[in-house]
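# Structural description and commentary
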Amino acid sequence: MAKTNPGRFFEDYKLGQVIAHAVPRTLSGGERALYHALYPARHALYSSDEFARACGLPAAPLDDMIAFHTVFGKTVPDVSLNAVANLGYAEGRFLMPVYPGDTLRSESEVIGLKQNSNGKSGVVYVRTRGLNQRAEVVLEYVRWVMVRKRDPEAPAPETVIPALADVVDPGDLMIPPGLDFSGYDFTLAGEPHRWGDYEPGETIDHVDGVTIEEAEHMIATRLWQNTAKVHFDATFRPDGQRLIYGGHVISMARALSFNGLANAQMIVGLNGGAHANPCFSGDTVKAWSEVLDKAETDAPGVGAIRLRLVAVKGDAEPFALKGTDGKYSPEVLLDLDYWALMPR
């Protein structure tokens, strides 16, 4: 009997299947330090215990994307070890902050299957939940991933494509208990712009760029235990290149968005996302954002803002997204639609 895990192939998934992922992970300040070393992350709520306490929280939570990467990484051996590419996200909600000392585990339910026309691969839809040591759900999201078939002759499953909401309803966004921006310190946060200063349709060029290095990408994939072969093994792709982990691009773009959105402090909803084109070592990542919507909340001084975050290769013109054919421009790496909390 084989002792090693070759990963699941497309024909191994069944609709309704629930997968409990190994291995739980206790997070510490070490993850925060490494995250801030990998990305130029500077949002004050995640950087300073004192700033967070002044906003009604017991201490600075770990960055939202630390929780996301940790939960995501647990799913890789069971969902995307044999992936061709991770395709998109929907219905993501960050349900409570994660603090140093919390232990996270993940579980996923297969909610959709569709074999590709070439018969060599298919798309698997999963709803993933991240739970803490008290079995509280801290994060949930849907993603879909293209996975190779073990046997191209294996029969195709019945096609089921889940109906997914285009946007997380603002009323379903979870505001951390106690969060209060009524005494928010804009000087310490880094910018004076508040919720009322942004309008739907506004676009923001975040100006800065970072060139992706092979070493930092490999540190990131190891840190988040994302062992997908396309990221680790240069022999897995015909071009001999390791694909940069899509989450690495997300975190880089989010960090770059500080310049212009320093007060978009907490990510609370993930409406949708697409890794539009592959990213490789040597590519320079820049970012721009578009304000899509705004919503009030019941928390004192807190507003919700819906943002489109676009990561592009460095030589791309800002605010160009798709061509006349409706397809993403080849310079676009990421198109991410999310809700964040901002002082009013």
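Cut-off values and rules
Residues numbered from 1 in each chain as written. Predicted model: local features only at pLDDT ≥ 70, side-chain atom pairs only at ≥ 80, totals over all residues. Heavy atoms only, no water. Helix = DSSP H or I, 4+ residues; strand = E, 2+ residues; numbered from the N terminus. Rg over C-alpha atoms; globule rule 2.2 N^0.38 Å. Buried < 20%, exposed > 50% of the residue type's maximum accessible area, 1.4 Å probe, protein only. Contact = heavy atoms within 4.5 Å. Areas by Shrake-Rupley, 256 points an atom, 1.4 Å probe, with all protein chains shown as cover. Lys, Arg positive; Asp, Glu negative; His and termini not counted. Charge placed at Lys NZ, Arg CZ, Asp CG, Glu CD. Phe/Tyr/Trp six-rings, centres within 6.5 Å; stacked < 30°, edge-to-face > 60°. Salt bridge = Lys/Arg side-chain N within 4 Å of Asp/Glu carboxyl O. Core = buried A, V, L, I, M, F, W, Y, C linked by side-chain atoms within 4.5 Å.

## A closer look at the overall build of the protein
For the protein, the count of helices and strands is 9 helices and 10 strands. Over its C-alpha atoms the protein spans a radius of gyration of 20 Å, differing by no more than 12% from the 20 Å that the globule rule assigns to 344 residues. With respect to the principal axes defined by its C-alpha atoms, the protein has extents near 60 × 50 × 40 Å. When the 344 residues of the protein are sorted by exposure, 54% land in the buried category. Taking contacts inside the protein between residues at least 6 apart in sequence as the whole, the part at least 24 apart equals 79%. When the accessible surface of the protein is split by element, carbon and sulfur atoms take 52% of a total near 14,200 Å². Averaged over its 33 positive side-chain charges, the protein has a centre that lies 7 Å from the centre of its 44 negative ones.

## What to know about the packing of aromatic side chains
Enumeration over the complete set of coordinates arrives at 11 aromatic pairs. When the centroid spacing of 5.8 Å and the interplanar angle of 70 degrees are considered together, the rings of Phe68 and Tyr89 count as edge-to-face. Taken together, the residues Phe68 in helix H4 (residues 64-79) and Tyr89 in strand E2 (residues 83-94) connect sequence positions 21 residues apart. When its relative accessible area of 2% is taken as the criterion, Phe68 is described as buried. Note on Tyr89: relative accessible area 2%, which makes it buried.

## Considering the pattern of salt bridges
Across all of its chains, the model carries 15 salt bridges by this definition. The salt bridge partner of Arg127 is Glu91, with a shortest N-O separation of 3.0 Å. Here Arg127, found in strand E4 (residues 121-131), pairs with Glu91, found in strand E2; they are 36 residues apart in sequence, far enough to count as distant. Classification of Glu91 as buried rests on a relative accessible area of 18%. Sharing partners across several salt bridges, the network here consists of Glu11, Asp12 and Arg150.

## A look at unusual backbone geometry
That bond from Ala22 to Val23 is cis: its omega, -5 degrees, falls within 30 degrees of zero. Position of Val23 among the secondary structure elements: in strand E1 (residues 18-26). A positive phi angle, near 75 degrees, is found at Val207, a position not held by glycine. Counting through the fold element by element, Val207 comes out in strand E6 (residues 203-211). With relative accessibility at 54%, the residue Val207 sits in the exposed group.

## Some words on the nonpolar core
Proteins that are soluble and globular tend to have nonpolar side chains buried together. Membership of the largest hydrophobic core comes to 57 residues, with the highest contact counts inside it found for Tyr39, Phe68, Trp224, Leu261, Val285, Ile305 and Tyr338. In terms of residue count, H4 provides more of this core than any other element does, 7 residues in total. Those residues within four positions of Trp224 in sequence are excluded, and the remaining contacts are Arg25, Glu31, Tyr35, Tyr39, Ile66, His69, Thr70, Gly73 and Tyr245. Membership of the second largest hydrophobic core comes to 25 residues, among which are Phe51, Leu173, Ala189 and Ala299.

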